[in-house]
Number of protein chains: 6
Amino acid sequence: MKTNMMAEMTWVEYQNRLKTEPLAVLLPVGALEQHGHHLPMGTDHLLPTAICKGIADRVPAIVAPPIAYGYKSQPRMGGGNHFPGTTSLDGGTLTLVVRDIIKELARHGVKRLAVMNGHCENLFFAIEGIDLALRDLRYEGINDLKIVRFDYWDFTTPATLDKCFPEGFPGFALEHAAVLETSMGLHVFPELVRMERLVDDLAAVFPPYDVHPTRQEWVPPSGVLSPAKGATVEKGRTLFNEYVDRISDALRKEFAEAA
Amino acid sequence: MKTNMMAEMTWVEYQNRLKTEPLAVLLPVGALEQHGHHLPMGTDHLLPTAICKGIADRVPAIVAPPIAYGYKSQPRMGGGNHFPGTTSLDGGTLTLVVRDIIKELARHGVKRLAVMNGHCENLFFAIEGIDLALRDLRYEGINDLKIVRFDYWDFTTPATLDKCFPEGFPGFALEHAAVLETSMGLHVFPELVRMERLVDDLAAVFPPYDVHPTRQEWVPPSGVLSPAKGATVEKGRTLFNEYVDRISDALRKEFAEAA
Amino acid sequence: MKTNMMAEMTWVEYQNRLKTEPLAVLLPVGALEQHGHHLPMGTDHLLPTAICKGIADRVPAIVAPPIAYGYKSQPRMGGGNHFPGTTSLDGGTLTLVVRDIIKELARHGVKRLAVMNGHCENLFFAIEGIDLALRDLRYEGINDLKIVRFDYWDFTTPATLDKCFPEGFPGFALEHAAVLETSMGLHVFPELVRMERLVDDLAAVFPPYDVHPTRQEWVPPSGVLSPAKGATVEKGRTLFNEYVDRISDALRKEFAEAA
Amino acid sequence: MKTNMMAEMTWVEYQNRLKTEPLAVLLPVGALEQHGHHLPMGTDHLLPTAICKGIADRVPAIVAPPIAYGYKSQPRMGGGNHFPGTTSLDGGTLTLVVRDIIKELARHGVKRLAVMNGHCENLFFAIEGIDLALRDLRYEGINDLKIVRFDYWDFTTPATLDKCFPEGFPGFALEHAAVLETSMGLHVFPELVRMERLVDDLAAVFPPYDVHPTRQEWVPPSGVLSPAKGATVEKGRTLFNEYVDRISDALRKEFAEAA
Amino acid sequence: MKTNMMAEMTWVEYQNRLKTEPLAVLLPVGALEQHGHHLPMGTDHLLPTAICKGIADRVPAIVAPPIAYGYKSQPRMGGGNHFPGTTSLDGGTLTLVVRDIIKELARHGVKRLAVMNGHCENLFFAIEGIDLALRDLRYEGINDLKIVRFDYWDFTTPATLDKCFPEGFPGFALEHAAVLETSMGLHVFPELVRMERLVDDLAAVFPPYDVHPTRQEWVPPSGVLSPAKGATVEKGRTLFNEYVDRISDALRKEFAEAA
Amino acid sequence: MKTNMMAEMTWVEYQNRLKTEPLAVLLPVGALEQHGHHLPMGTDHLLPTAICKGIADRVPAIVAPPIAYGYKSQPRMGGGNHFPGTTSLDGGTLTLVVRDIIKELARHGVKRLAVMNGHCENLFFAIEGIDLALRDLRYEGINDLKIVRFDYWDFTTPATLDKCFPEGFPGFALEHAAVLETSMGLHVFPELVRMERLVDDLAAVFPPYDVHPTRQEWVPPSGVLSPAKGATVEKGRTLFNEYVDRISDALRKEFAEAA
């Protein structure tokens, strides 16, 4: 079976591709987190894994197993960590997971790594994991690993946002389990999207600060931060293809010059 | 879609099942590790995840996303950590991942947890993660989480071993990427098993000690510790069914009395 | 001397105020980081400390010594950590500092705490420090500490942004050592602002991803991410007063109901 | 404004001085800790910062922002950590702060560092931070950072002790918030010293051991370990000048030969 | 006094032997753990220390002080950690102790190290300590330390097992405080063995899984996992001599080629 | 065999004594460190263990296995960590060892613990270990463990110092491997003291500061910080008896009121 999924390959296939191609490894970093009444809790690792898979069909790349557990959900980004089902790691734990995986990939001889984040809250712990890995690798005398890191939604073009949000884009902050993720879900894992259970909550309105312990009453009971009813499979296809295309382009460009 | 995979469920479905069933969560702990020329590197998380799925069809249970990266491969158990592709975590990292996940499940209200290990080397770091989680949970006043932990192969009956190894069982120590795992693979993910690439190495012969740094010359170049050529899909089916049956029985028994 | 700075008070004064007022403690979290050729490296802790001082003249509050060293500067937020002078902590270190200070304040009997961030990159490590502190405090049986956390610039009103950026606001992302911080500096510590050394770099243009190790050529050599020449002391006064007013209001509201 | 305070300098000024002078960085390590009814809680970071400033006027040096939070107060050295206001870090946290700052300074190209301790209890955690930093720097191939570390009071001459304590010196152990620190305070921050509130406690008498949890009844209720009434601004000036002079001499001598 | 115990030697003697002999250091890793009513709690560090001492009379070697506290006792290996007297370290603590000691020995110039485990549960934490030490040593440029690691009982020959267990060997798993350890104790520290208090418990029967928190009722109340009444001083002498001989041989062979 | 050494007792004996006596546990914290040409490297754990043993003959107490590896030797206290043979732990490691042991003793039901330090440099890491243990124990609801902590030499009376140093006491700081420790050694382990190898170095003269990396030329090449030639077995006996007597008295007094 031809596969680009690292877990499905033998070590010999992996080694061969590393030796014969300008191979990149793609590492999806996700979460297990409530996504409303209609999206599966794995959304944040299932979507970036699917995008990575799409990219691996375009550029020489393989997809490492996703990090399926991420950092604690924040009320203003993901609804908060108090929902049942949301299963999060401490920040330090996530940092170490990212660090350890990167160091091992470098040991294998990987020179090109893309770390694709699918869960807002992971951002800085992934950055720290990358920084610690590169530091330890310098200690080993390994200086030629190039890492491209991003949140996949940052590749959305204004044109696509206009198309997806004819009445105006509320901002990525409130896009948890909302139009973007739901549309993507309809394209990527339609069998897991329960559109019939979509709750018609209003968009959350947050003040410009957090309160700890979490003020749960600020969060819509469904866990959805802004209405998802505008989601369609067409929008999902457009977004998905845009991410695959534009990220592939970016990686091609950045990795052209890697060792 | 009816599913027992936690990542595929919504938080509401999960919460409902927790409230209405004597639900167990099954957590597969695996690895990304060389498994010879013929088995995929994800073998150690793919197999226990499949067994967990089988169990969840028999007892009230859902399957958490597997921990796909495990502890460093040891020469006498998994061929050693020097192979390209083998991607391992530090012991402390794995311990923290296990600890954090368990604490979150307990926060959700889970009272029954099974931690199924699929990679020998994880054993003690999983135990320590469990111990640290239960300690922190005591601090929170949570004392009613019951955890059953095991290496799935410990449920093999002598009768099945006799059937699988008509010429005598070499011991679990050398069963890395060998008859047991290969047979299981033929049953669970036949499309990922490359029987035609099976290397005909002799069984590894190890002294009763380790040498660090790893003596790579002690390990068969293929990474297989004893010949896998006796593997068949029938043996795999027998083993798989035995694990599902016997572990289901054990969980039923142990969890009958849980809070 | 009447003072609201915790470091300048005796423990008896502090204890008296805690006992007799609905006292809040304000904790500025900053950095020591390059801020172009014209702003001092302490900008990110000097500004929030000054705002906290202003707040403490309006609401019953005292100001704890600022955390003067923050998380590593990121190219797209602060120019990157490669500049001489930028002196950063590992993420885990910053988390522990925040955690430890909060636990001590709670031990004193503090029920109201505001954590004011003045350095973008600190965000998640401060959040994690807060979360770990509240967890440990729960273990001690302390459940009545309420924490309000924010980045001070999130209190800027659209009207003020319009006034400060007559030609359009480039976004907070590029506002490192630029119009907002420079104007604030002219108001708060004019003797430390070297307007005559202002470099006339163009605004930085970043792709939607990071590259590690840092692509230093992406960052304007001065370290300023967008032109600061529109900065004036009037804008600084407006911003400063707006922050003091609006944050005081928010704290008054949130802390009214605290234990 | 000409300044030697690192937080008040631009990165360009800092870089220039590093390139053109045999520049030392001075890092004050202090605490936020009760100091009786008459001295401010910041005494242990305010005093060493002032001494560092004095030194930076004599030798080519700049002063890094002080570490304002230190290790837990011990009964026989600082009255114990049970006083409200005393805000301490875990030992490991302080070690990491010291380690991280030193590594960053070395990255800037600093070759001469003085770590001035102003809080007895910090001693070993600062030493460990230095040791860990130098170890990590060796891993980076940086071997030319020279660090001079001391508690500033160890530079007191017997002659000055005689002058300050005409009736005999009770030892540094009991000099918490007593004659030395109070006199220094009267010289350095007179507006923060409340001599009128000086409590006339007897000197503490401790057995040759600690008891945990702290025996609070062993500590004078004011938190002062021996009477401060002999404190004068003249003694403070003498001590301060002696520290500035003698430490400047020591640094000049030690750093003359640095890379 | 001629001694091979490192703690009894002066540093000059140690240095001389390191310089003039192909010296190995032997590090016993043990525990303080219940061993039934008849064996001392130090059994797991006393036995390997004695074996190391025996080896040091045969090959050029010295014995470092044993690590006297080990990892938490597991029900199926050592009866469980709930017994009074059993005094265990967290896994991470043990790992760091092993790591730190090894790094120091390497700094001294040691090239040959044997880590002898006397407590089953230590296995993986010792392995991780070794791995972390070798990693840090690589960072220092030290690559010539060779480490041989083992559980001493893995050197038992089948012939000896036959002799010790005329009615069949129950497996090492149940050999806690049973025939092997008791016989060894009778040979090595007869004055500490209370044969008259031997409890006549049946062998423990465990299912193929653990339950956490520990099911204490599964463990014989004495803490002995299988009957020890077959223990004799002759068996102990045979075992002890076999370990000394065979381990000496292995070390001679492995260390012949060390730097 | 009647013994007070915890490692030599069975768990049943230990449990019985805990139940029937107001039992204290004595924990010696030492080091493996150069002690000149004439004293063994284990001096700092051998001496406090012997004193503990003496105490346990006078008050109801047992002696836990000593912590045989301590914190890094400092030039002005122990000659520095650069000597071969000196085998030290990181500060954080030692803290965790102390923490873990204390928590386990408390789990057994111990209410009275004495932590006796025999190596100056351990001081603060032992204190932190105690503090962390008591914190964790509070989380478990255990609040009745009383800990007495000390450096044994702080129990020396002025009269004894006069007797031991007829020409004046140079201070404990320089008493490394000098008159006190050598005399004690002659009394406690005469067979391990090589008086004939005593080096006639002058006393070390240190400035009031440390330099890192260590200025090895400041330390007498023998590692002895002040001349040991005045050492006698009589002084050793006097010191030893004084420590046993006075510490026994202190423990009797402090523990009389423990739970």
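Residues numbered from 1 in each chain as written. Chains lettered and ligands numbered in written order. Predicted model: local features only at pLDDT ≥ 70, side-chain atom pairs only at ≥ 80, totals over all residues. Heavy atoms only, no water.

### Comments concerning the overall build of chain A
Here is step 1 of the chain: On a plain count of helices and strands, chain A comes out with eight helices and five strands.
Here is step 2 of the chain: Computed over C-alpha atoms, the radius of gyration of chain A comes to 19 Å, within 12% of the 18 Å expected from 2.2 N^0.38 for 259 residues, which places it in the range of a compact globule.
Here is step 3 of the chain: Judged by the C-alpha coordinates and their principal axes, chain A covers about 55 × 40 × 30 Å.
Here is step 4 of the chain: Residues classed as buried in chain A amount to 69% of the 259 residues present.
Here is step 5 of the chain: Considering only residue pairs separated by 6 or more positions, chain A has 78% of its internal contacts joining residues 24 or more positions apart.
Here is step 6 of the chain: Carbon and sulfur atoms form 55% of the exposed surface of chain A, whose accessible area is close to 8200 Å². (Helix = DSSP H or I, 4+ residues; strand = E, 2+ residues; numbered from the N terminus. Rg over C-alpha atoms; globule rule 2.2 N^0.38 Å. Buried < 20%, exposed > 50% of the residue type's maximum accessible area, 1.4 Å probe, protein only. Contact = heavy atoms within 4.5 Å. Areas by Shrake-Rupley, 256 points an atom, 1.4 Å probe, with all protein chains shown as cover.)

### Describing the interface of chain B and chain A
Here is step 1 of the chain: Residue-level contacts link 56 residues of chain B with 56 residues of chain A.
Here is step 2 of the chain: The largest per-residue losses of area from chain B upon contact with chain A belong to Trp11, Tyr69 and Pro84 of chain B, which jointly make up 17% of the total buried on that side.
Here is step 3 of the chain: Viewed at the interface, chain A and chain B are joined by six salt bridges.
Here is step 4 of the chain: One salt bridge in this structure joins Glu13 of chain A and Arg197 of chain B, with 2.8 Å as the shortest N-O distance.
Here is step 5 of the chain: Ranked by the residues each element gives to the side of chain B that touches chain A, the list is headed by helix 4 (residues 91-108) of chain B, at ten residues.
Here is step 6 of the chain: Classifying every residue of the side of chain B that touches chain A gives 27 nonpolar, 19 polar and ten charged. (Buried area = accessible area lost by both parts, 1.4 Å probe. Salt bridge = Lys/Arg side-chain N within 4 Å of Asp/Glu carboxyl O. Nonpolar A, V, L, I, M, F, W, Y, C, P; charged D, E, K, R; others polar.)

### Quick look at the packing of aromatic side chains
The geometry of an aromatic ring pair is captured by two quantities: the separation of the ring centres and the angle between the planes.
Here is step 1 of the chain: Scanning the model with the defined rule gives 75 aromatic pairs over all chains in all.
Here is step 2 of the chain: For the ring pair Phe125 of chain D and Phe124 of chain F, a centre distance of 6.0 Å and an interplane angle of 75° mean the geometry is edge-to-face. Pair noted here: Phe125 of chain D is in helix 5 (residues 123-139) and Phe124 of chain F is in helix 5 (residues 123-139), and the two residues belong to different chains. Each member of the pair, Phe125 of chain D together with Phe124 of chain F, is buried.
Here is step 3 of the chain: When the centroid spacing of 5.3 Å and the interplanar angle of 80° are considered together, the rings of Phe150 of chain F and Phe155 of chain F count as edge-to-face. Each member of the pair Phe150 of chain F and Phe155 of chain F is classed as buried.
Here is step 4 of the chain: Joined through ring pairs, the aromatic side chains of Tyr71, Phe124 and Phe125 of chain A together with Tyr71, Phe124 and Phe125 of chain C make up one cluster. (Phe/Tyr/Trp six-rings, centres within 6.5 Å; stacked < 30°, edge-to-face > 60°.)

### Brief notes about the relation of the copies chain E and chain B
Here is step 1 of the chain: Superposition of chain E onto chain B requires a rotation of 180° combined with a translation of 0.0 Å along the rotation axis, giving an RMSD of 0.0 Å. The symmetry that links the two subunits is that of a two-fold axis.
Here is step 2 of the chain: In this assembly the copies share their binding face: 100% of the residues contributing to the interface of chain E also contribute to that of chain B. (Least-squares fit on C-alpha atoms with pLDDT ≥ 70 in both.)

### Points about helix 1 (residues 11-20) of chain D
Here is step 1 of the chain: Taken residue by residue, helix 1 of chain D has Trp11, Val12, Glu13, Tyr14, Arg17 and Leu18 of chain D as its buried positions.
Here is step 2 of the chain: Where helix 1 of chain D is buried, its residues contact strand 1 (24-29), strand 2 (61-63) and helix 4 (91-108) of chain D.

### Focus on the sheet that holds strand 5 (residues 210-212) of chain D
Here is step 1 of the chain: Here five strands make up an open sheet; going across it, the order is 5(D)-4(F)-3(F)-1(F)-2(F) and the pairing mixed. The two strands at the open ends of the sheet, each matched to only one other strand, are strand 5 of chain D together with strand 2 (61-63) of chain F. The mean inter-strand angle of the sheet, taken between neighbouring strand axes irrespective of direction, is 20°.
Here is step 2 of the chain: Of the pairings in the sheet, the one linking strand 3 (residues 112-117) of chain F to strand 4 (residues 146-151) of chain F comprises six bridges and is parallel in character. Opposite Ala114 of chain F, over in strand 4 of chain F, you have Val148 of chain F as the bridge partner. (Pairing = 2+ DSSP bridges. Axes fitted to C-alpha atoms, helices over the stretch in contact; angles between N-to-C directions.)

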